Amino acid sequence: MAANATESLRQLKRHMTDAIVIGGGVAGLSAATALANEGFRVELFEAKPFWGGRATSYALPLANSHEAEIDNCQHILLKCCVNLLNFYGRLGVADRIEFHREFYFMEPGGRTSFLRRGLLPAPLHFTESFLRATYLNLGEKIALARAMLSLRFERKRRKDLDAITMLDWLREKNQPARLIERFWRQVLVSAINVELDQMAASHGFQVMWLGFMAASDTYEMGIPKVPLAQLYQSAFKNVVGHERAIVEAFDPERGILVDGTWHQARTYISAIPSDRLAKLVPQLDIDYAAFEPSSITGVHIWFDRPVTTMPHGTLLDRHIQWFYNKGEGRYLMLVISASDSLLKMQRQEVIDLALRELTEFLPAVAEALVVRAHVVKEAKATFRAKPGLEAKRPISTTAIPNFFLAGDWTRSGWPATMEGAVRSGYLAAEAASAALGKPARFLLPDLA
Ligand SMILES: Cc1cc2nc3c(=O)[nH]c(=O)nc-3n(C[C@H](O)[C@H](O)[C@H](O)COP(=O)(O)OP(=O)(O)OC[C@H]3O[C@@H](n4cnc5c(N)ncnc54)[C@H](O)[C@@H]3O)c2cc1C
């Protein structure tokens, strides 16, 4: 009888789903895809009716019963995002990312400087661009070169980079205020989504090093050519996806509870944000309060005529940090990172501010009519990557032997980005594969 019971249990386990992944954002999708590629049976549960979490797209009604599929916000990557590119490769969509080799730094009035690689090898490949740049004066350029050298030297030597802010470090290096504002803040706040006086210097170092110094092509900016949700469609060839499936409870014995039914698997991966996990599995020893949210605001504007021929631009000295040309110069997407000051503003106030500022850089905006404008305020866009937080980010394994963690807020080695989310997904998938008795390696190392 006992032998029969053991055999039945073995049979049951043999037919059981290998892994249930909770949360269909980039972290959950990448964990599920990686495991499925290794032949594991995977089910993915997502609360919303669409995939991609914070990196997604949806239909927005336009005039005359037309609609446009828009990204919730422009998502870009750099060529140093090797795991994200690997994930897109697994999905067969790597060719839907277009890489841009030029950044355009625009001053109010429209004067534009290019940042592009020159003839010198890394880390000197931007020397020509910086020498020509009009938005910095000679003293600022010399100060920038000094700081870049220090960064290269100190990045592996200094032990306090997670204890100080990026602004502390820049002040230590006597960086002029305008240089901080026009270069360091412009680049790093867009990448890490927290102001320099709150940003752990370790994150600022990582972005600067990997994106701008380690190799001459890692800065190239990847922009998806299709709406974000379209990138994930092929994930479900081998993964069983459940949309509109809110996981209400988790129990190590019974599994996950969705709409009154328990679903069991041999392993579980949570790929949901920290505040959701705090409610779902409160018994984990995680300092959830340490993960404070930081906002991003996106403004989509459709004009009645083209207002630019540029593909994108970073706008200096104003609230708006970036514009992206999403369609023939008529549809622009504007992005403001670390946008807490805008959260309190009314929708129309944000649009008015955006148009006022944009006119200073793209004069054609003054003549154009706005056909449609849409504001997306993401109050919880990312966590604030403050000094001291790194040690509090949980690793993928937990005290529950078959329960693993992913999500951009876990200890991925990167700030809250799509690359960080994929890294966390791959790490959790590696841990789950080991627990399933068939260890696999998914994570690719950083380029340098
Ligand atoms: C406006 C904005 C702009 C950004 N720009 C960039 C950029 O340019 N480049 C970049 O690299 N990164 C960018 N990011 C950051 C990037 O989007 C995130 O770091 C990444 O998408 C996080 O992925 P994730 O899977 O960890 O979390 P999420 O995307 O939050 O996914 C978690 C998923 O879990 C689901 N969920 C939650 N609770 C449950 C439950 N109980 N049951 C089932 N499902 C549940 C949620 O619905 C969600 O889909 C941006 C973020 C925002 C908001």
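Worth saying up front: this structure is predicted, and the values here are computed from it rather than measured.

**Notes on the environment of leucine 91**
Within the secondary structure layout, leucine 91 lies in helix H3 (residues 82–91). Sequence separation between leucine 91 and alanine 429 is 338 residues; the distance between their C-alpha atoms is 16 Å. Here leucine 91 is in contact with Thr33, Leu231, Tyr232, Ser234 and Ala235, once residues within four sequence places are set aside.

**Things to note about the packing of aromatic side chains**
Evaluation of the coordinates by the stated rule reveals 23 aromatic pairs. Ring geometry for phenylalanine 291 versus tryptophan 409: centroids 5.2 Å apart, planes at 85°, classification edge-to-face. You can see phenylalanine 291 sitting in the loop between helix H9 (274–280) and strand E15 (293–303) and its partner tryptophan 409 sitting in the loop between strand E20 (403–405) and helix H12 (418–435), a full 118 residues away along the chain. Given a relative accessible area of 9%, phenylalanine 291 falls into the buried group. Note that lysine 79 overlies the ring of phenylalanine 99, its terminal NZ or CZ placed 5.0 Å from the centroid. Directly above the aromatic system of phenylalanine 153 lies the positively charged group of arginine 157, at a separation of 3.8 Å from the ring centroid.

**Description of the packing of H3 against H12**
Remark: H3 packs on H12, axes separated minimally by 7 Å, with the N-to-C direction vectors making an angle of 70°. Classified by the angle between their axes, H3 and H12 sit roughly perpendicular to one another. Of the residues in H12, those touching H3 at Val82, Asn83, Leu84, Asn86, Phe87, Tyr88 and Arg90 are Met418, Glu419, Val422, Arg423 and Tyr426. Looking at the contact of H3 with H12 residue by residue, the classes come out as seven nonpolar, two polar and three charged.

**Some details on helix H7 (residues 177–192)**
Along its 16 residues, H7 runs just 20 Å from first to last C-alpha, ending more than 12% under the 22 Å computed at 1.5 Å per residue. Within H7 the residues assigned to the buried category are Leu179, Ile180, Arg182, Phe183, Trp184, Arg185, Gln186, Val187, Leu188, Val189 and Ile192. Asparagine 193 occupies a position one or two residues after H7 and carries a positive phi of about 60°.

What counts and how
Residues numbered from 1 in each chain as written. Predicted model: local features only at pLDDT ≥ 70, side-chain atom pairs only at ≥ 80, totals over all residues. Heavy atoms only, no water. Helix = DSSP H or I, 4+ residues; strand = E, 2+ residues; numbered from the N terminus. Contact = heavy atoms within 4.5 Å. Phe/Tyr/Trp six-rings, centres within 6.5 Å; stacked < 30°, edge-to-face > 60°. Buried < 20%, exposed > 50% of the residue type's maximum accessible area, 1.4 Å probe, protein only. Lys NZ or Arg CZ within 6 Å of the ring centre and 35° of its normal. Axes fitted to C-alpha atoms, helices over the stretch in contact; angles between N-to-C directions. Parallel < 35°, antiparallel > 145°, perpendicular 65-115°, else oblique. Nonpolar A, V, L, I, M, F, W, Y, C, P; charged D, E, K, R; others polar. Expected span 1.5 Å × (residues − 1).

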